[in-house]
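# Observations on the three-dimensional arrangement
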Amino acid sequence: MQLNIYALILLVPAFISFGLAMEARKQRYAPRGRLFALAMLAIGVWSATYAMELASTTQNMMQFWLKLEYIAIPWISLLMMLVVLNYSGIETTIKSTHIGYLSIIPLITMALAITHEHHTFYYKHVELSDKGPIPLLKLEIGPWYYVHVFYSYALNLYALGVLIRKLLHQRSLFRNQLIFLLVAVIVPLLSFTLYFAKLMPIKNIDPTPFAFTISGMLMSVSILRFRMLDLLPIAREHVFRSMSDGLLVIDGKLRLVDCNPVADQIFRWKRTPFGKPVNELWKDYPELVEISNRKGEESIELQILYPDEEKIYLVSTSDILNHKNAVVGKLLVVHDITHRYKLQETIRKSEERLRALNGEKDKLFSIIAHDLRSPISAFLSLTGLFIDDSADMSKEEMREIALSMNRSAESLNGLLDNLLQWSRMQRNEVKTRPEAIDVKLLVERNLEIYSEAIQNKKLTVQSTLTSGLNVFADENMLNTILRNLISNAIKFTQKGGVVAVSSGQDSNDMVSIEVSDTGIGMSKEMLENLFSLDSKSNRPGTEGEPSTGLGLILCKDFAERNSGKLLVSSTQGKGSTFTILLPSARN
């Protein structure tokens, strides 16, 4: 063995590679430094064994060191690619099974290169050449050698493409790291291309170990100057991309320079509009443009209407400062508060509902205290007459008292029924069970219930009900509506007046049931507050019949629960008309 200038030169990159491998193994670079250390170790082994090959003087010794070289050579391109992917944050998509598949060709290459003298797959012929300044092996290439070359090129070109793509989108300290890493990948590609094309000035000497060592040195600049391994942009990428909030970076010229995938989703960007000014970017959201222009920290609520939903976001801004504390950009954090907003809105509506219920409860207590007193007082007075004067009463007088008691009982029963229905409605205990109902049959049945009251007031009932007309509604609820409307028509119509009931169907397949009278009617103010418990809309009938106003509130609610409406029109002194609109059963 005889050391020469070429062997000595190769020992230098070997020592450098081993030194970089030891540096990358330090704890502060873990765990990503281990992969880089493995790549540098492989380059160091190749450089050292190649140096020993060049220092050898016999063919057997040269072939021995050549075989040792191929313990490292097949793996270097794969390791370098994994370092690049590891740096770029793409290694999360490469599973161990994929690495296993990628290792098949290096394993075959290593086996064929070490056993080349037994076949012609890797080297067809190997001989010693003394024509140069030093003895060298002259290698005749076999078919698998081209497979190895194509494989190595493919890995390096893929790594190169990844770095170029990252470089186009990176705007920070990591851009310098990318440039050094990019050059580190290009150098061995160019070197091997020159060697493979036989363009090197010295034949049969492979410059690739030198090139890979230069790659390692370029990476070491990143390690020592830019701290590539302990300050990887993958940390920034993972934090930036894994955030559940939208993150956007605006530069000093109010252009978008970076954002994470969540921001793309929020603003429905199919492709991130890097470099676009904010006044174009958010022309539909001027409030975002405004806070991007202002210095300091600030928060606003942003409403975005999507085709399929509505979202509420809290947008917080903060200044990005350089080492001189000068503002060089803006960071916007967009946090989805739709759930919280809806929850707050639900709480607010619940509070309003609670206040309304408290108001209705107070009104209900007022109704109970006022309207129950009258029939109960009448009962007390009438029963007192029976106790004190029953012996002196004639049958006619006793009959009149009994009729008065009956009217008080009916009034009390109607009030209690409405109160019960109203309380059940407030507790959402009233279930709607719609079915097909014959309108004429149901109205006539309710008119029959009030036949005695109609006769006592000598009212004329005009009925123009359409036969065979059916509605789709809950029968119990519709009964309650009809009883209240017919009872009110009788109650507020003077003796000898007219109560009219009619039905029909409009072009929208809505059935109308109309109850009108020629009674005392209502003023405009009373009409406006007719369906409100907060305002006093009750009044006695034409013959002092009690009224609470609660029945009409039930009627309106029941009509709406059956997908219908309750309409009213009235003129004071001329009567009122109530119209129930309900869906037709034929639909």
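Before reading further, recall that the structure is shown in the block above.
The structure presented is a predicted model; accordingly, all values stated were derived computationally and were not measured.

### Focus: the environment of M477
Its place among the elements puts M477 in helix 19 (residues 475-491). Between the C-alpha atom of M477 and that of L554, which follows or precedes it by 77 residues, the distance is 9.0 Å.

### Some thoughts on the pattern of salt bridges
Oppositely charged side chains can form a pair if their charged atoms are brought close together. Across all of its chains, the model carries eleven salt bridges by this definition. Each of E290, R294 and E298 takes part in salt bridges that share partners, so that together they form one network.

### Description of helix 17 (residues 439-449)
Those residues of helix 17 that fall on the buried side of the exposure criterion are V439, L442, V443, N446 and L447. Down the axis of helix 17, the smallest arc covering the buried residues is 135 degrees, so these residues share one side. Relative to its buried face, helix 17 has exposed residues pointing more than 90 degrees away, namely L441 and E448. For helix 17, the side-chain oxygen to backbone nitrogen distance between the N-cap and K440 is 3.1 Å, and the N-cap itself is D438.

### A look at helix 3 (residues 59-69)
Turn by turn, an α-helix covers 3.6 residues, leaving residues three or four places apart pointing in a common direction. Of the positions making up helix 3, those classed as buried are M62, Q63, W65, L66 and E69. The arc that holds the buried residues of helix 3, viewed along the axis, is 165 degrees, so those residues lie on one side.

### With respect to the sheet that holds strand 12 (residues 510-517)
Within the open sheet, the five strands sit side by side as 9-11-12-14-13. Their pairing is mixed. Strands with a single pairing partner mark the edges of an open sheet, and in this sheet they are strand 9 (460-464) and strand 13 (565-571). Averaged over all pairs of adjacent strands, the angle between their axes in this sheet comes to 10 degrees, without regard to strand direction. The sheet strands contacting helix 21 (residues 550-561) are strand 13 and strand 14 (575-583), and the helix crosses strand 13 at an angle near 140 degrees.

### Some points on the packing of aromatic side chains
Under the definition given, this model contains ten aromatic pairs. Aromatic side chains Y122 and Y145 sit 5.3 Å apart centroid to centroid with 65 degrees between the ring planes, which places their arrangement in the edge-to-face category. With Y122 in the loop between helix 6 (104-114) and strand 1 (123-129) and Y145 in helix 7 (residues 143-169), this pair connects stretches of sequence that are 23 residues apart. A single burial state applies to Y122 and to Y145, both of which are buried.

### Some points on the sheet that holds strand 4 (residues 256-259)
An order of 4-3-7-6-5 is seen for the five strands of this open sheet, with the pairing classed as antiparallel. This sheet does not close on itself; its edge strands, each paired only once, are strand 4 and strand 5 (298-305). Mean inter-strand twist for the sheet, computed between neighbouring axes without regard to direction, equals 25 degrees. Here helix 13 (residues 286-293) sits on the sheet and contacts strand 5, strand 6 (310-321) and strand 7 (327-336); the angle it forms with strand 5, its principal contact strand, is near 160 degrees.

Conventions and cut-offs
- Residues numbered from 1 in each chain as written.
- Predicted model: local features only at pLDDT ≥ 70, side-chain atom pairs only at ≥ 80, totals over all residues.
- Heavy atoms only, no water.
- Helix = DSSP H or I, 4+ residues; strand = E, 2+ residues; numbered from the N terminus.
- Salt bridge = Lys/Arg side-chain N within 4 Å of Asp/Glu carboxyl O.
- Buried < 20%, exposed > 50% of the residue type's maximum accessible area, 1.4 Å probe, protein only.
- Arc of directions from axis to C-beta.
- Polar contact = N/O pair within 3.5 Å; in protein donor to acceptor, adjacent residues only side chain to side chain.
- Pairing = 2+ DSSP bridges.
- Axes fitted to C-alpha atoms, helices over the stretch in contact; angles between N-to-C directions.
- Contact = heavy atoms within 4.5 Å.
- Phe/Tyr/Trp six-rings, centres within 6.5 Å; stacked < 30°, edge-to-face > 60°.

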